[in-house]
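Observations on chain architecture
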Amino acid sequence: QVQLVESGGGLVQPGDSLRLSCATSGRILSSSAMAWFRQAPGKEREFVAASDWNALSTLYSDSVKGRFTISKIFTKVYLEMHSLKPEDTAVYYCAASSGGGATRDPSQYIYWGQGTQVTVSS
């Protein structure tokens, strides 16, 4: 059985940094692309960042580019978040793709974690 478990969320102040981690188990292959999505209250889930299977290619949403960094080591994925803003407040989800290429399309990700809450507030 495939499992993705996120950790590292919490309450931080604007301008702070946070590192999210996603551990996988089961049949997640090291050749899978992985990504982070987020969902704020009352909003749809949105793409944040993705890494292809060998971490040579990454994608970012415009809202986080330059502040967030995704990294992937085999079947673990991390999201380094800096200069956090109140609008970054959301539940962050880790996802694993059926293929190896990074994509913003959530329909390409077949495994999802339960999410970790990130709250940015003063």
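Scroll up to find the structure this text is about.
Rules and cut-offs
Along each chain, residues carry numbers from 1 onward, in the same order as the chain's sequence is written. A pLDDT threshold of at least 70 governs which residues receive local features in this predicted model, and a stricter bar of 80 or more applies before side-chain atom pairs are shown or counted, although totals over entire chains, interfaces and linings include all residues. Note: side-chain values were computed over all heavy atoms of the structure, leaving out hydrogens and water. Put simply, DSSP H or I for four residues or longer makes a helix, DSSP E for two residues or longer makes a strand, and each gets a number counted from the N terminus. Exposure classes here rest on a 1.4 Å probe applied to the protein chains alone. A residue is buried below 20% of its type maximum, exposed above 50%, and partly exposed in between. Here a polar contact is taken to be a pair of N or O atoms separated by no more than 3.5 Å, where protein atoms must pair a possible hydrogen donor with a possible acceptor and residues adjacent in sequence count only if both atoms sit in side chains. Here, residues are in contact when the closest pair of their heavy atoms is within 4.5 Å. Pairing between strands is defined by DSSP: at least two bridges between the two strands are required. Axis definition: a line fitted to C-alpha atoms, limited for helices to the stretch in contact. Angles are taken between N-to-C directions and run from 0 to 180 degrees.

1. Section: the side chain of S97
Mapped onto the secondary structure, S97 falls in strand β9 (residues 90–97). Using a relative accessible area of 4% as the deciding quantity, one classes S97 as buried. A polar contact is formed between the side chain of S97 and the backbone nitrogen of G99, at a distance of 2.9 Å. Contacts of S97, omitting those with residues within four sequence positions, involve S32, A33, Q108, Y109 and I110.

2. Quick notes on the sheet that holds strand β8 (residues 76–81)
Pairing within the open sheet is antiparallel, and its 4 strands lie in the order β1-β3-β8-β7. The open sheet is flanked by β1 (3–7) and β7 (68–73), the only strands paired with a single partner. In this sheet, adjacent strand axes meet at a mean angle of 15° when their direction is disregarded.

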